[in-house]
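Listed here are the chains, written in short residue letters.
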Amino acid sequence: MPDINGSVSRVTEIGERAATVLEHDSLRVMIDDTGGMIPEFSGNRNGEWINAHWMPWFRSNSGKPYNDAAHGSFWKANLLYQMAGSFPCIPNFGPGHIIDGIHMPPHGWTANQEWRHVTIDSDEASGALWALSVMESPDKAMPLSFSKIDAILPGQSVLYTSIRVRNRGAGNVEICAGWHNTTGSPFLSPGCRISGAAKSWMTPPPGSEFDTTTRLALGAEFGSLSRAPLLRGGKTDLSVVPAPNGYTDFAAGAISKTAFTGWLSLVNPCLDMLYLSFFTGPAAAGEDDIILYFNNLWMQYGGRPFTPWAPYEGGPDLSYCLGLENSLSAFANGLEYARNQKSLLGNPATTVIPAMGQKTLRYGTLFAFCGDLDEGVDSVTAEEKRLVVKGKENAFFNADPGFTSLKSLESRHV
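Remember, it's a predicted structure, so these values are computed and weren't measured experimentally. (Residues numbered from 1 in each chain as written. Predicted model: local features only at pLDDT ≥ 70, side-chain atom pairs only at ≥ 80, totals over all residues. Heavy atoms only, no water.)

*Asks:* Help me understand the packing of aromatic side chains, please; the structure alone is not making it clear to me.
*Replies:* Aromatic ring pairs are defined here through the distance separating the ring centres and the angle between the ring planes. The full count for this structure, using the stated rule, is 23 aromatic pairs. Between Trp 54 and Trp 309, the ring centres sit 6.2 Å apart and the planes meet at 5°, which makes this aromatic pair stacked. Pair noted here: Trp 54 is in the loop between β5 (48-51) and α1 (68-75) and Trp 309 is in the loop between β24 (294-300) and β25 (321-328), with a separation of 255 residues, a long-range link. Both residues of the pair, Trp 54 and Trp 309, belong to the buried class. Grouping aromatic residues by their ring pairs yields a cluster made of Trp 54, Trp 57, Phe 58, Tyr 66, Phe 74, Trp 75, Tyr 81, Trp 298 and Trp 309. The ring centre of Trp 309 lies 4.6 Å from the NZ or CZ of Arg 304, which sits over that ring. (Phe/Tyr/Trp six-rings, centres within 6.5 Å; stacked < 30°, edge-to-face > 60°. Helix = DSSP H or I, 4+ residues; strand = E, 2+ residues; numbered from the N terminus. Buried < 20%, exposed > 50% of the residue type's maximum accessible area, 1.4 Å probe, protein only. Lys NZ or Arg CZ within 6 Å of the ring centre and 35° of its normal.)

*Asks:* How should the sheet that holds strand β3 (residues 27-32) be read in this particular structure?
*Replies:* Neighbouring strands of a sheet are bound in pairs by backbone hydrogen bonds; such pairs are parallel or else antiparallel. Spatially, β1-β2-β3-β4-β5 is the arrangement adopted by the five strands of the open sheet, whose pairing is antiparallel. Edge positions in the sheet fall to β1 (7-13) and β5, since each has one partner strand and no second. Mean inter-strand twist for the sheet, computed between neighbouring axes without regard to direction, equals 20°. Bridge count for strand β4 (residues 40-45) against β5 is four bridges, and the pairing is antiparallel. The residue of β5 that forms the bridge with Gly 43 is Ile 50. (Pairing = 2+ DSSP bridges. Axes fitted to C-alpha atoms, helices over the stretch in contact; angles between N-to-C directions.)

*Asks:* I tried to follow α1 on my own but got confused; where do I start?
*Replies:* Given 3.6 residues per helical turn, the α-helix brings residues three or four places apart onto the same face. Listed as buried for α1 are His 71, Gly 72 and Trp 75. Seen from one end, α1 has its buried residues packed into an arc of 120°, which puts them on one side. Turned more than 90 degrees off the buried face of α1, the exposed positions are Ala 69, Ala 70 and Ser 73. Buried positions along α1 lie against α2 (78-82). Where α1 starts, the residue carrying a side-chain oxygen 3.0 Å from the main-chain nitrogen of Ala 69 turns out to be Asn 67. (Arc of directions from axis to C-beta. Contact = heavy atoms within 4.5 Å. Polar contact = N/O pair within 3.5 Å; in protein donor to acceptor, adjacent residues only side chain to side chain.)

*Asks:* Explain empty space enclosed by the protein to me, please; I cannot follow it from the model alone.
*Replies:* The rolling of a water-molecule-sized probe over the atoms marks out the regions of remaining empty space. This model, assessed by the stated rule, comprises four cavities of 30 Å³ or more. Looking at the largest cavity, its volume works out to about 80 Å³. Lining of the largest cavity is provided by Arg 10, Thr 20, Ile 31, Asp 32, Asp 33, Trp 115, His 117, Ala 131, Leu 132, Ser 133, Lys 148 and Asp 150. Among the elements of the structure, β3, β10 (129-136) and β11 (144-152) are those that each provide at least two residues to the lining of the largest cavity. No other element matches β10, which puts three residues into the lining of the largest cavity. Class assignment for the residues of the lining of the largest cavity results in four nonpolar, three polar and five charged. (1 Å grid on protein atoms, 1.4 Å probe; cavity = no way out; pocket = protein on both sides within 12 Å on 5 of 7 lines; lining within 4 Å. Points joined across faces, edges and corners; volume = space filled by probe spheres on them. Nonpolar A, V, L, I, M, F, W, Y, C, P; charged D, E, K, R; others polar.)

*Asks:* Please clarify how the sheet that holds strand β31 (residues 386-390) should be interpreted in this entry.
*Replies:* Taken in spatial order, the three strands make up an open sheet running β30-β31-β32, and their pairing is antiparallel. Of all strands in the sheet, those bounded by a partner on one side alone are β30 (379-382) and β32 (394-398). Averaged over neighbouring strand pairs, the angle between their axes works out to 20° when direction is ignored. Examined bridge by bridge, β30 and β31 share four bridges and lie antiparallel to one another. Bridging from a neighbouring strand, Ala 382 pairs with Leu 387 of β31.

*Asks:* Got a minute to help me understand the layout of surface pockets in this structure?
*Replies:* For the largest pocket, the calculated volume is near 510 Å³. Along its surface, the largest pocket is lined by 23 residues, and Leu 80, Pro 106, Glu 209, Arg 304 and Trp 309 are the ones closest to its centre. Residues of the lining of the largest pocket, tallied by class, amount to 14 nonpolar, five polar and four charged.

If you want it as structure tokens, here you go:
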């Protein structure tokens with residue numbers, strides 16, 4: 001029987017936000033009930049805790065609920081009022097809009113509503129420390145229910161999360177899904193290396209939120225992050241993180257349908273640390289799986305001279321972060337756009353939750369010391385009890401890429 005080493009607890013963090021903390025020797029994670037936000041995702045480097053996740057300077061810590069009349073002129077949306085680190089995006093990935101008569105918020109209900117905490121516990125069989133929370137759709141026109149398990153396992157620097165989406169209605173519901181992992185200081189810095197499973201990339205066509213902030217050509221396809229076309233001609237290497245440069249860009253990359261594991265990573269060569277998300281690939285899909293077909297890069301390097309990114313309209317953008325997102329969507333243009341597009345770069349942009357049926361998204365995020373991966377990651381291979389990460393040298397990480405323990409927890413508690 002594995003040792004249950006570490007702790008799982010309920011806390012109140014800054015801004016009077018209720019949260020769950022999962023912690024053992026190599027990883028500490030804090031998950032807010034509000035929007036499932038993960039403001040802290042800390043790895044242990046030689047006894048020093050380093051947070052990989054972005055904490056926006058403009059995040060409200062007043063403890064007051066968002067009110068559009070009072071807060072809308074500066075924050076624009078509840079999501080920006082509460083946002084931090086990583087969060088799940090279902091059933092929308094992109095801006096708020098009206099669809100099926102529903103006022104759908106930016107990045108969906110899972111990123112905006114309160115998750116209702118159910119329980120925290122430890123699992124004797126696997127040694128997992130885990131938490132269960134649930135959410136109901138606030139609109140009967142799209143009658144979805146969500147159950148979320150967050151878990152850590154002994155000897156692994158990985159947060160595992162499953163979100164089961166149930167359709168309580170008599171008709172099918174077509175949705176988007178995604179994880180909005182966002183890295184920031186002190187982990188994110190110039191010279192970090194970005195790598196992903198995607199083999200073909202594309203920038204959003206004209207008409208998106210990036211029209212006025214981009215340095216990249218709009219609607220352009222390219223085969224390598226190292227040769228992304230610029231708006232004013234020439235190429236740039238997106239795989240190397242620059243210093244703040246006054247631009248905010250987005251690129252979506254299609255993961256091959258033959259891939260058994262999807263992944264997206266960031267290496268900090270100065271810290272010798274790796275941040276890596278991994279998930280079930282298209283070739284390993286089960287009937288009940290929600291598959292993320294895209295790597296997305298949200299390169300927030302200072303291109304938004306308006307609030308809340310800037311302290312006043314026309315002021316300097318003070319926000320420097322990198323979104324390492326994975327999704328089932330068409331860029332980050334929202335559910336309606338994805339339904340109309342149907343596909344992007346040959347991959348589907350939505351999935352259907354059948355009437356009175358369910359599907360599950362399973363996801364892992366690793367943050368650990370990685371040795372010599374200074375030039376980034378070439379490939380990630382899932383084995384039964386570990387991940388093999390290949391780069392300049394190979395690195396090996398204890399992990400459960402088949403989500404065996406997570407599936408066991410789901411079968412008993414969801």
